[in-house]
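Report on the structure
The chain contents come next:
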There are 2 protein chains.
Amino acid sequence: MTASLLLRNVRPMGEAIADMLIEDGRIRAVGAALRAPAGTPVEDGGGRLALPGLVDAHTHLDKSLLGMAWYRNEVGPTLIDRIENERRAKAELGIEPERQALRQAIASVACGTSHIRSHVDVDTLYGLAGVEGVMRAREALRGIVDIELVAFPQSGLLLRAGTEALMARALDMGVEVIGGIDPCGMDRDPKGHLDVLFGLAERHGRPLDIHLHETGELGAFSMDLILERTRVLGMQGRVAISHAFCLGSTEPALAERLIAGLADLRIHILTSGLPSRPTPPVARLRQAGIAVGGGNDGFRDTWGPYGNADMLERAMMIGLRNNFRRDDEVEMALDVCTHGGARVLGLEDYGLRPGCRADFCLSEGRTLAEAVVLHAPRALVVKGGRVVARAGRALTEAP
Amino acid sequence: MTASLLLRNVRPMGEAIADMLIEDGRIRAVGAALRAPAGTPVEDGGGRLALPGLVDAHTHLDKSLLGMAWYRNEVGPTLIDRIENERRAKAELGIEPERQALRQAIASVACGTSHIRSHVDVDTLYGLAGVEGVMRAREALRGIVDIELVAFPQSGLLLRAGTEALMARALDMGVEVIGGIDPCGMDRDPKGHLDVLFGLAERHGRPLDIHLHETGELGAFSMDLILERTRVLGMQGRVAISHAFCLGSTEPALAERLIAGLADLRIHILTSGLPSRPTPPVARLRQAGIAVGGGNDGFRDTWGPYGNADMLERAMMIGLRNNFRRDDEVEMALDVCTHGGARVLGLEDYGLRPGCRADFCLSEGRTLAEAVVLHAPRALVVKGGRVVARAGRALTEAP
């Protein structure tokens, strides 16, 4: 099925007013007073900014509480407290992965997100229920938003016998990416944890995206082990590290050594700009040539009450956390949440140039920086040339 | 002029549904099925949360760019770069203090803010133009929002001869509070800077509110000098320190010694939860008995593009920065932006109890924490018993 559209009167990336002609789901032309074949639907962009589809390159679709009863959070302060609490809450509260994934992904569509990378819990208690649920949601939303899955051993990999086999089954089912978490802090066996992950990667030929919350020298040690395995196994360009707090909390000389290694091995970094934790230095990483993507991470879940699906608001958080004040810096935060994420996900034909896939949204704002700061409801969201949201509301109804 | 109102069907502080009866600008009663004298206006709160008037206890009304052309920020990275840039920009862009104060304060009213403490630049280049402008705005908004002024030597006190005399004149004109900034970093003469401030305080009998951005040991040194003078001059309970980044960036033992001193001398702390800087530990300070208020600080100005007038969104930022996840913690962040600020400003009869001044707003949210997380437009804002905003819009028009 082909999707064509003539979009009049927009400012692509804040440039001069132009029309955009979409044919067969791709941007055919950008320019003044374009003409379209008879019968092509026409939209007036009202002079708004056109931005490429936002990329939520790190989130957890299987476990938000969107649309559920208010969850009174009384959870203890450690990572393990939060993991154990969530493990119990999934059954007690009835956090149904398919339903919650649909709710969150449709909220993302309303905010102009065209691509999502979702970590999905793989765990001996719930098995592959999360993966199955998110896969059903992904099928239901095909053509509306692209969803990539990461098999994520949230509750530990070695700690709970049987998790590795579940991870392998998830990959056989079509999960694209192998996830991991805190090689020291979680399994308390960094060599063992990483050997399993890289072993799965080798056998299944899949890329890695590893949660690394560990700070300071501990995180630097784990990162070093990841660098070493990436090099030895020839996985350059196929490894991502999410959060990477240690890059913002070690001695500058050590951080610089890690950054040089990440750049050399083309390892990607994903950040949500979390205000309460050390942050990987986005500008420095990009300067070193490292692809940096952004993500909303989990939100409105048993971990904490904050957040929403909006990657323009996330760009603001990344800007605030990195002390980005100049317009070129705020534009960099936006780039992290668009082209940066696209690079991490390996998206082809991404952007607003002719030939690119017609994934974009229209936003308020006189400049790109103002679009980030306002993050006003998106006037129009287009996916593959078809309108999927208007005036901040997705055209698909959430369950 | 008296203001009466019967507000039906609200949940004061998230408690059970109740009515609130307002007479003569004060809350007379809170309870079920209240009756009011004939002719009393009646509003239906729709079951929403009632919160006491939000308190923006640290902002800069004289210099936002609200309603002006987009300002392309290309400013250098240091504090001095930003100060010098702003000094030039005020004339070049025509940042008119009265107009900008009206715009910002009216935006605050729309968000449910009942009280504002505004630092106002006092400077040899612009003299008291800022103070005069904000004072005119305050007069224009009397009965709609209460505004307290701080004479703020943004560009230095000793650096620019004549600033002390201007500060004294500002106090004679009715400015309530004496401001200061970075005793080491700004004037590079901590003893000289603080002696002038405390000298003004002694002669004019006014409280102090000092910006302290200095981090680590340097900030701890400046804070120690403030503690010493507060003790010696008997200014207990009359000194506030804004930002206080050093409390989040020194060794724990040193921070604890400072916290003990702050508590002993009843020095208040004001925070905006800025994600890019170290933060005073809100929960620890409150545990020590220290009054902690919140503020939006300057926003949409030549310093940076972010922010808005909403103190519920600010409560979220303070919560995020302090890693507050549990409901009781998020409620603490809200308390910082309501009762905490009220305590710093010395407000009497503040709150939702019978006898308090009828300053409050109605907010969406099933719980207090959800009100913070959503920070949806305020359905109704009441000041001194009169409706001043509805559905997120102030009833007073901004220039």
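Residues numbered from 1 in each chain as written. Chains lettered and ligands numbered in written order. Predicted model: local features only at pLDDT ≥ 70, side-chain atom pairs only at ≥ 80, totals over all residues.

**Observations concerning the domain arrangement of chain A**
Residues and elements named next belong to chain A. Inclusion rule: Annotation comment: domain bounds sourced from an automatic or database domain assignment. Each residue gets a C-beta atom placed from its backbone, and two residues are in contact if those atoms lie within 7 Å. Numbering of helices and strands runs from the N terminus, with a helix taken as a DSSP run of H or I at least four residues long and a strand as a DSSP run of E at least two residues long.
Taken as a whole, chain A is organised into domain 1 (5–52 + 352–394) and domain 2 (54–345). Taking the mean C-alpha position of each, domain 1 and domain 2 sit 29 Å from one another. Tallying the contact residues gives 21 residues for domain 1 and 22 residues for domain 2. Elements with a contribution of two residues or more to the side of domain 1 that touches domain 2: β4 (42–52), β13 (360–363), α11 (368–374), β14 (380–383), β15 (386–390) and β16 (393–394). Of all the elements, α11 adds the most residues to the side of domain 1 that touches domain 2, at five residues.

**Topic: the interface of chain B and chain A**
Test applied: Gly falls in the polar group here, along with every residue not listed as nonpolar (Ala, Val, Leu, Ile, Met, Phe, Trp, Tyr, Cys, Pro) or charged (Asp, Glu, Lys, Arg).
Counting residues at the interface gives 25 residues for chain B and 25 residues for chain A. Residues of the side of chain B that touches chain A, tallied by class, amount to eleven nonpolar, six polar and eight charged.

**Considering the pairing of strand β1 (residues 5–12) of chain B**
Consecutive side chains of a regular strand alternate in pointing toward one face of the sheet and then the other. All names here are of chain B. Quick reminder of the rule: Labels follow a simple rule on C-beta atoms placed from the backbone: if 20 or more others lie within 10 Å of a residue's own, it is buried; if 12 or fewer, it is exposed; otherwise it is partly exposed. Whether two strands pair depends on DSSP finding at least two bridges between them.
Burial within β1 is extensive, with six of its eight residues counted as buried. Inspection of the sheet shows β1 paired to strand β2 (residues 18–23) by four bridges, in the antiparallel sense. When the sheet's bridge partners are listed, Leu5 is paired in β2 with Ile22. Counted between consecutive antiparallel strands, the loop separating β1 from β2 contains five residues, among which Met13 sits at a positive phi close to 55°. Bridge count between β1 and strand β4 (residues 42–52): six bridges; the pairing is parallel. Bridged to Arg11 within β4 is Leu49.

**Focus: the relation of the copies chain B and chain A**
As a reminder, the rule being used: Only residues with pLDDT of at least 70 in both copies count here: their C-alpha atoms drive the least-squares fit that superposes the copies.
The transform that puts chain B on chain A rotates by 180° and translates by 0.0 Å along the axis, for an RMSD of 0.0 Å. These values place the two chain copies in the arrangement generated by a two-fold rotation axis. Identified as the residue of chain B closest to the rotation axis by C-alpha distance is Pro275 of chain B, at 2.4 Å. Interface overlap between copies: 100% of the residues of chain B at the interface are likewise at the interface in chain A, consistent with a symmetric, same-surface contact.

**Side note on the sheet that holds β14 of chain A**
Across the sheet, eight strands lie side by side as β3-β2-β1-β4-β13-β14-β15-β16 (chain A); this open sheet has mixed pairing. A strand with exactly one partner marks an edge of an open sheet, and here the two such strands are β3 (26–31) and β16 of chain A.

**A closer look at helix α3 (residues 129–140) of chain A**
Residues and elements named next belong to chain A. This is how the line gets drawn: A helix is expected to span 1.5 Å multiplied by its residue count minus one.
Between its terminal C-alpha atoms α3 stretches 17 Å, which fits the 16 Å expected from twelve residues at 1.5 Å a residue. When we look at burial in α3, the residues that qualify are Gly130, Val131, Gly133, Val134, Met135, Ala137 and Arg138. Contacts from the buried residues of α3 go to α2 (97–110), β6 (113–121), β7 (146–152) and α4 (163–172).

**With respect to the sheet that holds β4 of chain B**
Residue and element names in this part refer to chain B. In space, the eight strands of this open sheet follow the order β3-β2-β1-β4-β13-β14-β15-β16, with mixed pairing throughout. With partners counted over all chains shown, the strands left at the sheet margins are β3 (26–31) and β16 (393–394), one partner each. Across four bridges, the pairing between strand β14 (residues 380–383) and strand β15 (residues 386–390) is antiparallel. Bridge assignment links Leu380 to a residue of β15, and that residue is Arg390.

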